[in-house]
Amino acid sequence: MPPVILALVLYYLINPLINVLENKFHVNRIISITFVFIIILALLIWGVMSLIPFVQDQIDSLVKNWPQYWNSLNKSLQNMFSDPKLHMVRQRLVQTNASITKSFEKSMDQILPQTVNNISSAVSVLTNVVVIIMTAPFILFFMLKDDRKFKESIVKVMPNRIKKSVGDMLSEISQSLSSYITGQLTVAFWVAVMFFVGYLIIGQRYALVLGIVAGILNLIPYIGSTLALVPSLVIAAFIAPSMVLKVLIVFVVEQTVETRVISPIIVGNKMQMHPVTTILVLLVSAGMYGLVGMVAGIPIFAILKIIFTRFFNWFKRNSSWYDDEDAQNLDTESETNPDNEKKSQENHK
């Protein structure tokens, strides 16, 4: 599944560009796909050569200094609650910190020996990564080349009575996935840029890494940006109390711009989901499948919603339960407006 999922995400990102090149500029579809692939390959090579070493240096430095930042934050919190009246709060913080530290050390004791000694697992992970990287482009190429044939091949085997309905449903599902994937990734990109620029302005350390983390976590609706704020606050608390305030200001500005400008323009309410429904979907999907569920829960729910809605509409059209209700509504309208009596009789027929 990972190569297919990766190819599907890239398909919805690249396919609009391919369609523009084919329909507007009359460029052969295979030539368009090849041209886009070359550009993507060039960007990847540029990223590997220039951007990744810089990011790796920041990550290495952050991992090396993180224990110091965490201990400094704990001391600051303990000093903040040094008042005897807040003894219970301070004791709870100490217990929580000890529990987190113990769990982390236990996890590392279990992970490190497995990482060092279990070479076959490392080889397996590396093999999976290579397979994904090598397979996904081929799947993506044929998705882009034969995108219209997929729908036609599915509709072709359907009974004549439901061919149009199935075709419309597949188009709606594809449009919904396209809107969600392109919208979420576009918003995540601008969130990463805003955090990166904001952290550069205030002088926050590891601005690029923290910005990238914020963009990735923003793929988790509602809580992603808040989760990304935690490591930044820990680092800011080690630098100076004023830096914590600056980081919070950057967060407030980013949230305001994202919720008021970027998300409404790029995403809007294309998924047509109530916020309460979204939160419930996130809770259920996270409880069942963890982080993967939080990211994939909403698009999967949207697909199931489209299928169920169309099935329910079909059931309403073909069920006598709803025919009686519609007839009563038409009779009521005829009584209140005699001009509609003739129309009511025709509708009954």
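Scroll up for the structure.
A few points on the structure.

### Topic: the overall build of the protein chain
1) Next: If you tally the helices and strands in the protein chain, you get 12 helices and zero strands.
2) Next: What you see in the protein chain, going N to C, is helices and strands ordered as α-α-α-α-α-α-α-α-α-α-α-α.
3) Next: Each of the 349 residues in the protein chain was classed as buried or not, and the buried ones make up 27%.
4) Next: Counting contacts in the protein chain only where the partners sit at least 6 residues apart, residues at least 24 apart contribute 64% of the total.

### Description of the environment of Gly 293
1) Next: Within the secondary structure, Gly 293 is located in helix α10 (residues 275-318).
2) Next: Gly 293 sits in the buried class, given a relative accessible area of 6%.
3) Next: Expressed as a C-alpha distance, the spacing of Gly 293 and Ile 220, which sit 73 residues apart in the sequence, is 9.6 Å.
4) Next: Residue contacts for Gly 293: discarding those within four places in its chain leaves Ser 285 and Ala 286.

### Things to note about the pattern of salt bridges
1) Next: Overall, the coordinates contain eight salt bridges when judged by the stated rule.
2) Next: Residue Lys 145 is joined to Asp 146 by a salt bridge in which the shortest nitrogen-to-oxygen separation is 3.2 Å.
3) Next: A salt bridge links Lys 149 to Asp 146; the shortest N-O distance between them is 3.8 Å.
4) Next: On the basis of relative accessible area, Lys 149 is assigned to the exposed category, the value being 52%.

### Concerning the packing of aromatic side chains
1) Next: Evaluated as defined, the whole model comprises eight aromatic pairs.
2) Next: Between Tyr 11 and Tyr 12, the aromatic rings sit 5.1 Å apart at their centres with planes inclined by 70 degrees, giving edge-to-face as the arrangement. For the pair formed by Tyr 11 and Tyr 12, the shared burial category is buried.
3) Next: Each ring, one from Phe 195 and one from Tyr 199, has its centre 5.6 Å from the other, and the planes form 40 degrees; the classification is tilted. Here Phe 195 and its partner Tyr 199 are both found in helix α6 (residues 163-202), four residues apart, which amounts to about one turn of the helix.
4) Next: The class for Phe 195 is buried, based on a relative accessible area of 1%.
5) Next: Each member of the aromatic cluster is reached from another via a ring pair, and the members are Phe 37, Phe 141 and Phe 142.

### A short note on helix α8 (residues 224-239)
1) Next: For α8, built from 16 residues, the straight-helix expectation of 22 Å at 1.5 Å per residue is met to within 8% by its first-to-last C-alpha distance of 24 Å.
2) Next: Looking at α8, one finds that the buried residues are Gly 224, Ser 225, Ala 228, Leu 229, Ser 232, Val 234, Ile 235 and Ala 236.

### Observations concerning a nonpolar patch on the surface
1) Next: Where nonpolar side chains cluster on the molecular surface, the patch consists of Tyr 222, Ile 223, Leu 227, Val 276, Ile 279, Leu 280, Leu 283, Val 284, Met 288 and Tyr 289 and spans about 1,000 Å² of accessible area.
2) Next: The topology assignment puts Val 276 in helix α10.
3) Next: We classify Val 276 as partly exposed; its relative accessible area is 47%.

### Considerations on the packing of helix α1 (residues 2-23) against α6
1) Next: Orientation of α1 relative to α6, taken along the N-to-C sense of each, is 85 degrees, at an axis distance of 9 Å. One way to sum up the angle between α1 and α6 is to call them roughly perpendicular. On α6, the residues touching Val 9, Tyr 12 and Leu 13 of α1 are Ser 174, Leu 177, Ser 178, Ile 181, Thr 182 and Leu 185.
2) Next: When its residues are assigned to classes, the contact of α1 with α6 shows six nonpolar, three polar and no charged.

### A few points about α10
1) Next: Helix length check: α10, at 44 residues, gives a terminal C-alpha distance of 32 Å against a target of 64 Å (1.5 Å per residue), a shortfall beyond 12%.
2) Next: The largest bend in α10 amounts to roughly 145 degrees and is located at Tyr 289.
3) Next: Three or more residues of α10 are buried, namely Thr 278, Val 281, Leu 282, Ser 285, Gly 293, Met 294, Gly 297, Ile 298, Pro 299, Ala 302 and Ile 306.

Quick notes on the rules
- Residues numbered from 1 in each chain as written.
- Predicted model: local features only at pLDDT ≥ 70, side-chain atom pairs only at ≥ 80, totals over all residues.
- Heavy atoms only, no water.
- Helix = DSSP H or I, 4+ residues; strand = E, 2+ residues; numbered from the N terminus.
- Buried < 20%, exposed > 50% of the residue type's maximum accessible area, 1.4 Å probe, protein only.
- Contact = heavy atoms within 4.5 Å.
- Salt bridge = Lys/Arg side-chain N within 4 Å of Asp/Glu carboxyl O.
- Phe/Tyr/Trp six-rings, centres within 6.5 Å; stacked < 30°, edge-to-face > 60°.
- Expected span 1.5 Å × (residues − 1).
- Patch = residues over 30% accessible without salt bridge, like charges linked within 9 Å, V, L, I, M, F, W, Y side chains within 5 Å.
- Areas by Shrake-Rupley, 256 points an atom, 1.4 Å probe, with all protein chains shown as cover.
- Axes fitted to C-alpha atoms, helices over the stretch in contact; angles between N-to-C directions.
- Parallel < 35°, antiparallel > 145°, perpendicular 65-115°, else oblique.
- Nonpolar A, V, L, I, M, F, W, Y, C, P; charged D, E, K, R; others polar.
- Bend = angle between axes of the 7 residues up to and from the residue.

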